[in-house]
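Chain by chain, the residues:
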Amino acid sequence: MVRPSRWSDERKANREQADWIVAWLRQNGPATTPAIIAALEAEGRDVRAHVLQRALRRSPFVHCIGKEDGARGPVSRWMFSVDPPDEP
């Protein structure tokens, strides 16, 4: 009996989307969360909260460098870096 793959098409797509977000941030960062969402929409990609969170919170190369005021309130600012930023 063959065991089904744990990497379903949906999981592969989620992983590819998270990798795209990290790569975009590497080329275009630092950027705010709304700017990342706008880039996803401009590329015709789905904006899914769990994929965005995976890319921003779980990647060892993406760091939150602060907050700034946005149109609807405070938004996080993200940066791609191999080394984590110095903590104050």
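Keep in mind that this is a model prediction, so the values were computed, not measured. (Residues numbered from 1 in each chain as written. Predicted model: local features only at pLDDT ≥ 70, side-chain atom pairs only at ≥ 80, totals over all residues. Heavy atoms only, no water.)

A. Layout of the nonpolar core. Of all hydrophobic cores here, the largest spans 16 residues; its most connected members are I21, W24, L25, I36 and L56. Elements supplying a minimum of two residues to this core: α1 (9-28), α2 (33-42) and α3 (49-58). (Core = buried A, V, L, I, M, F, W, Y, C linked by side-chain atoms within 4.5 Å. Buried < 20%, exposed > 50% of the residue type's maximum accessible area, 1.4 Å probe, protein only. Helix = DSSP H or I, 4+ residues; strand = E, 2+ residues; numbered from the N terminus.)

B. Structural context of the pairing of strand β2 (residues 62-70). Looking at chain direction, β2 and strand β3 (residues 73-80) are connected through eight bridges and run antiparallel. By the bridge assignment, K67 is partnered in β3 with S76. Here β2 hands over to β3 after two residues, the two strands then running antiparallel side by side. (Pairing = 2+ DSSP bridges.)

C. Expanded view of the layout of surface pockets. In this model, the largest pocket occupies a volume close to 170 Å³. R15, A18, D19, V22, R54, A55, R58, S59, P60 and F61 together form the lining of the largest pocket. Elements supplying a minimum of two residues to the lining of the largest pocket: α1 and α3. Broken down by class, the residue content of the lining of the largest pocket amounts to five nonpolar, one polar and four charged. (1 Å grid on protein atoms, 1.4 Å probe; cavity = no way out; pocket = protein on both sides within 12 Å on 5 of 7 lines; lining within 4 Å. Points joined across faces, edges and corners; volume = space filled by probe spheres on them. Nonpolar A, V, L, I, M, F, W, Y, C, P; charged D, E, K, R; others polar.)

D. A look at α1. Its 20 residues give α1 an end-to-end C-alpha distance of 28 Å, which sits within 8% of 28 Å, the value for a rise of 1.5 Å per residue. Buried within α1 we find N14, Q17, A18, W20, I21, V22, W24 and L25. (Expected span 1.5 Å × (residues − 1).)

E. A look at the pattern of salt bridges. Enumeration according to the criterion identifies three salt bridges in this entry. Between R45 and E16 there is a salt bridge, and its shortest N-O distance comes to 3.2 Å. Taken together, the residues R45 in the loop between α2 and α3 and E16 in helix α1 connect sequence positions 29 residues apart. Taking the relative accessible area as the measure of exposure, R45 reaches 23% and is therefore partly exposed. Salt-bridge contacts for E68 lead to R77; the nearest nitrogen and oxygen are separated by 3.5 Å. (Salt bridge = Lys/Arg side-chain N within 4 Å of Asp/Glu carboxyl O.)

Note that all results are geometric; they support no functional claim without further evidence.
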